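Per-entry structural report
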Amino acid sequence: MSGRVIVAGSLNMDLIAEAPSLPRAGETVMGTAFHTLPGGKGLNQAVAAARLGSAVSMIGCVGRDAFGARLLEVLRTDAVDASGVRQTADAPTGIAQIVVSQGENCIVVVPGANMKLTDDDGASIAIASSDVVVAQLETPMAVTERLFARAGDATTILNAAPAASVPDSLLALTDLLVVNETELATLSGATLHDDSALADIVTAARSLQRSCKAVIVTLGRRGAVLVDGDRPPHAIDGHAVTAIDSTGAGDCFVGAYAAALATKRPGSPLAFANAAAALAVTKRGAAPSMPRRAEVEALMRA
Ligand code: RIB
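Below, the structure is looked at part by part. Predicted model, so just to flag it, every value in this text is computed and none were measured.

**Some thoughts on the site of the ligand**
- The environment of the ligand is made up of 13 residues, and the closest members are Asp14, Gly40, Lys41, Glu138 and Asp251.
- The side chain of asparagine 12 places a nitrogen or oxygen atom 3.0 Å from an oxygen atom of the ligand.
- Taking lysine 41, its side chain carries an N or O atom lying 2.8 Å from an oxygen atom of the ligand.
- If the ligand stood free it would expose 280 Å²; the protein chains cover 96% of that surface.

**With respect to the pairing of strand S12 (residues 224-228)**
- Burial analysis of S12 places four of its five residues in the buried class, the great majority of the element.
- The pairing of strand S11 (residues 214-218) with S12 spans five bridges and is antiparallel. Looking across to S12, one finds that isoleucine 216 is bridged to leucine 226.
- The hairpin turn running from S11 into S12, its antiparallel successor, is five residues long, and glycine 220 in that turn takes a positive phi close to 60°.
- When S12 meets strand S13 (residues 234-236), the two strands line up antiparallel, connected through three bridges. The residue of S13 that forms the bridge with leucine 226 is histidine 234.
- Counted between consecutive antiparallel strands, the loop separating S12 from S13 contains five residues, among which glycine 229 sits at a positive phi close to 55°.

**Some details on the nonpolar core**
- By size, the foremost hydrophobic cluster in this structure holds 56 residues, and its most contacted members are Val5, Leu43, Leu75, Ile157, Ile216, Phe253 and Tyr257.
- Examining the composition of this core, we find that ten residues originate from one element, helix H8 (residues 269-280), more than from any other.
- Setting aside residues up to four positions removed in sequence, leucine 75 forms contacts with Leu11, Leu43, Val47, Met58, Val80, Ala82 and Val85.
- Counting 39 residues, the second-largest nonpolar core is a separate cluster that includes Ala113, Phe148, Val217 and Leu219.

**Structural notes on the pattern of salt bridges**
- If you walk through the whole model with that rule in mind, you get 14 salt bridges.
- A salt bridge links arginine 222 to glutamate 181, with the nearest nitrogen and oxygen atoms 3.8 Å apart. Highlighted residues: arginine 222 in the loop between S11 and S12 and glutamate 181 in helix H5 (residues 181-188), separated in sequence by 41 residues.
- Aspartate 228 serves as the salt-bridge partner of arginine 231, at 2.9 Å between the closest nitrogen and oxygen.
- Linked by salt bridges that have partners in common, Arg51, Asp78 and Arg292 make up one network.

**Notes on the sheet that holds strand S6 (residues 94-101)**
- Strands sit in the order S3-S2-S6-S7 across an open sheet of four strands; the sheet is mixed. One side of each edge strand has no neighbouring strand; the edge strands of this open sheet are strand S3 (33-39) and strand S7 (104-110). Each strand axis lies, on average, 20° off the axis of its neighbour in the sheet, ignoring direction.
- Running at roughly 100° to strand S2 (residues 12-18), helix H2 (residues 66-77) makes contact with S2, S3 and S6 of the sheet.

**Observations concerning the packing of helix H1 (residues 41-51) against helix H7 (residues 249-262)**
- Axis separation between H1 and H7 bottoms out at 7 Å; the angle between their running directions is 45°. Here H1 is positioned oblique relative to H7, judged by the angle of their axes. For the crossing formed where H1 meets H7, the hand is right-handed. Contacts between H1 and H7 involve Lys41, Asn44, Gln45, Ala48 and Ala49 on the former and, on the latter, Asp251, Cys252, Val254, Gly255 and Ala259.
- The residue makeup of the contact of H1 with H7, split by class, is five nonpolar, three polar and two charged.

**A word on unusual backbone geometry**
- Note that the residue after alanine 161, namely proline 162, is joined by a cis bond; omega there is 0°.
- If you check the backbone angles, alanine 79 has positive phi at about 60° while not being a glycine.
- By the element assignment, alanine 79 lies in the loop between H2 and strand S5 (81-88).
- Despite not being glycine, lysine 264 has its phi angle at roughly 50°, a positive value.

So, how was this worked out
Residues numbered from 1 in each chain as written. Predicted model: local features only at pLDDT ≥ 70, side-chain atom pairs only at ≥ 80, totals over all residues. Heavy atoms only, no water. Near = heavy atom within 4 Å. Polar contact = N/O pair within 3.5 Å; in protein donor to acceptor, adjacent residues only side chain to side chain. Areas by Shrake-Rupley, 256 points an atom, 1.4 Å probe, with all protein chains shown as cover. Buried < 20%, exposed > 50% of the residue type's maximum accessible area, 1.4 Å probe, protein only. Helix = DSSP H or I, 4+ residues; strand = E, 2+ residues; numbered from the N terminus. Pairing = 2+ DSSP bridges. Core = buried A, V, L, I, M, F, W, Y, C linked by side-chain atoms within 4.5 Å. Contact = heavy atoms within 4.5 Å. Salt bridge = Lys/Arg side-chain N within 4 Å of Asp/Glu carboxyl O. Axes fitted to C-alpha atoms, helices over the stretch in contact; angles between N-to-C directions. Parallel < 35°, antiparallel > 145°, perpendicular 65-115°, else oblique. Left-handed = near helix turned anticlockwise from the far one by under 90°. Nonpolar A, V, L, I, M, F, W, Y, C, P; charged D, E, K, R; others polar.

Rendered as structure tokens:
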């Protein structure tokens, strides 16, 4: 194992109902199954990067409760260094209320302890000697910004999810921004939807390059596109897989990209992350659906 990844971010317990359709406003839908599974964008990305071959340390905050204890156990089971995850008595562990239907989902996150993250958390972790530092938007942005400012030569990856506006001061410290179409629309002000033309997506991504160096837009089953410097956009097709649950697929992409960079895996990190994310949608849940390196390599060879 080589290459160090630090993931600063959220840890949630995902409370997942499966249903034949996603409920509309005011509608009650009869569900078919219920699962309590580990999640949170930060934890998902940390587990993905660890399963894909890098040494991972996580910085985060959970409640002093049963969900918090369980999430710490999940990190340890996947060999993620959890010494930077604090348990607080001041808030409950974050939860995500998720409805999954026909491979699609909708999610409400109640962040709880995630928002108690401070600059002191992870103080014992050598940030600047890591290879990649990853964060998302389910923990305080000001803490992420100060963490990125201490990243030294490490590559900083900001997954601007869930969709929110991000201050230029944070984008300026970001080497690689990873967003989906909705998040890109929020950040760029462009009008985009699931089947927007690639040219429109690239134009919107380029508009963010004045703030950060490179932008990846994940496009679900359509794949992903990287916009980096003046180079032509690098678009890659999605893999045809049977979607069971898309929850955490974006997190898998980010964790896999970080692992590929940190471990200096030969070949395109974009292709590796794209294949890993495709595998993640073939299994139920977020963290439990993160694939192993051999599975990803096999899909890429297929
Ligand atoms: O990206 C999926 C994740 O978003 C879920 O695991 C949920 O906890 C929310 O953070």
